[in-house]
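Survey of secondary and tertiary structure
Take a look at the letters that make up each chain.
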Amino acid sequence: QVQLVESGGGLVQAGGSLRLSCAASGRTFSSYAMGWFRQALGKEREFVAAINWSGGNTYYADSVKGRFTISRDNAKNTVYLQMHSLKPEDTAVYYCAASVDLWRVTDIRGVDYWGQGTQVTVSS
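Summarised in this report is the structure supplied together with it. Here the structure is a predicted model, which means the values were calculated and not measured. (Residues numbered from 1 in each chain as written. Predicted model: local features only at pLDDT ≥ 70, side-chain atom pairs only at ≥ 80, totals over all residues. Heavy atoms only, no water.)

**As for the pairing of strand β8 (residues 78–83)**
- Most of β8 sits out of view: five of its six residues are buried.
- Bridge count between strand β3 (residues 18–24) and β8: six bridges; the pairing is antiparallel. In the sheet register, L18 faces β8, and the bridge partner there is M83.
- In the sheet, strand β7 (residues 68–73) pairs with β8 via six bridges, with the strands oriented antiparallel. Paired with D73 across the two strands is T78, which belongs to β8.
- Hairpin connection from β7 to β8: four residues lie between these consecutive antiparallel strands, with N77 at a positive phi of about 55°. (Buried < 20%, exposed > 50% of the residue type's maximum accessible area, 1.4 Å probe, protein only. Helix = DSSP H or I, 4+ residues; strand = E, 2+ residues; numbered from the N terminus. Pairing = 2+ DSSP bridges.)

What follows is the structure, encoded as structure tokens:
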């Protein structure tokens, strides 16, 4: 069982950068694949990025590829989302997610655990 808590959201100007963190509880954190999703006001939750248990494999949505980087530090039980070149359309609540497999954590239907979300607002 894993509990996830996001932090690092806030208000930034277009073109700026922000790093989100997700702190996980549980002694088996390193065995989980981790991901990030986002949900804009009035829209469905969508996949952003995923990383496997070791950090050796990553996968990104086309909309963020080249701008966002997902990483993890298993010793700190933490996963990160580094965001650069932010755009107003990146504005959303960002959610941390965990599942048993990289591919399961790329789809909301495969997610086993969710964080509470953190707001990211990008102004123009």
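**Points about the pattern of salt bridges**
- In the structure shown here, the tally under the stated rule is five salt bridges.
- Between E46 and R38 there is a salt bridge, with its nearest N and O atoms 2.8 Å apart.
- Put simply, D107 and R109 hold a salt bridge, and the shortest N to O gap is 2.8 Å.
- Under the relative-accessibility criterion, D107 is labelled partly exposed at 26%.
- Classification of R109 by relative accessible area gives exposed; the value is 74%.
- Each of R38, E46, R67 and D90 takes part in salt bridges that share partners, so that together they form one network. (Salt bridge = Lys/Arg side-chain N within 4 Å of Asp/Glu carboxyl O.)

Purely spatial values, then, with no claim about function.
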